[in-house]
Amino acid sequence: VGPTADGRIDPIFQDRLLGIGSWLGVNGKSIYNTIPWGVCQNETTSSSNTYYTQSGSTLYALVTKWPTHNILSLQCPQPTSDTNVQMLGLPSNQKLEWEPSHSSSSNTTAAATTRRSRKTLVGTAKGIVIHLPPLTPNIIPCQHAWVLAITGLGNVPQG
């Protein structure tokens, strides 16, 4: 994106640059001072497209397609009993519900089948199922892609 010959920036490019700035204002933590996650850089399934970055012991999952029924199933992260999930842009005290996945494929009924103690389930987990909040226009933190900050995972170095 550059200026025209007379020094103006076309309105369409202005709009896009402002949109990028707005998104980074909410989700910049997942981009700046991060590295690609060494375990898994992305997961592309029929229900979601998710890309990963890491900063310290926090894994950022950048979700570019909102999943059906607000349930996101990820195969790469290995949860522990200490795992916490938050969506950037929502209040910091709003932790998202999650449960270990024991399926090698996406499973939108995992909530009904894994309500037992997390401690007994995380040891055999093959991923994590995250219950995303129903977002309405007045609380949606951003458009185009949403970021989850996940801590306390078994396959992300702590500290």
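As the structure is a computational prediction, the values presented were derived from the model and not from experiment.

### Re the state of the cysteines
Inference 1: What the rule picks out here adds up to one disulfide.
Inference 2: Each sulfur in the disulfide pair Cys40 and Cys76 lies 2.3 Å from the other. Disulfide Cys40-Cys76: torsion about the S-S bond near 50°, hence right-handed. Here Cys40 is found in the loop between β1 (35–36) and β2 (42–44), whereas its partner Cys76 is found in the loop between β5 (71–74) and β6 (79–87), with 36 residues between them in sequence.
Inference 3: For Cys76, a relative accessible area of 18% puts it in the buried group.

### Side note on the pattern of salt bridges
Inference 1: In the structure shown here, the tally under the stated rule is one salt bridge.
Inference 2: In this structure, Arg8 and Asp6 form a salt bridge, with 3.0 Å as the shortest nitrogen-oxygen distance.
Inference 3: Residue Arg8 is classed as partly exposed on the basis of its relative accessible area of 47%.
Inference 4: Overall, the relative accessible area of 54% leaves Asp6 in the exposed class.

### Observations regarding the sheet that holds strand β8 (residues 128–131)
Strand pairing in a sheet relies on backbone hydrogen bonds, with the paired strands running either antiparallel or parallel.
Inference 1: Strand order in the open sheet formed by three strands is β5-β8-β7, with antiparallel pairing between adjacent strands. Edge strands, defined here as strands with exactly one partner in the open sheet, are β5 and β7 (97–100). Each adjacent strand pair in this sheet contributes to an overall mean axis angle of 20°, direction not counted.
Inference 2: As judged from the four bridges shared by β7 and β8, these two strands associate in the antiparallel manner. Bridge assignment links Glu97 to a residue of β8, and that residue is His131.

Rules used throughout
- Residues numbered from 1 in each chain as written.
- Predicted model: local features only at pLDDT ≥ 70, side-chain atom pairs only at ≥ 80, totals over all residues.
- Heavy atoms only, no water.
- Disulfide = S-S within 2.5 Å.
- Helix = DSSP H or I, 4+ residues; strand = E, 2+ residues; numbered from the N terminus.
- Buried < 20%, exposed > 50% of the residue type's maximum accessible area, 1.4 Å probe, protein only.
- Salt bridge = Lys/Arg side-chain N within 4 Å of Asp/Glu carboxyl O.
- Pairing = 2+ DSSP bridges.
- Axes fitted to C-alpha atoms, helices over the stretch in contact; angles between N-to-C directions.

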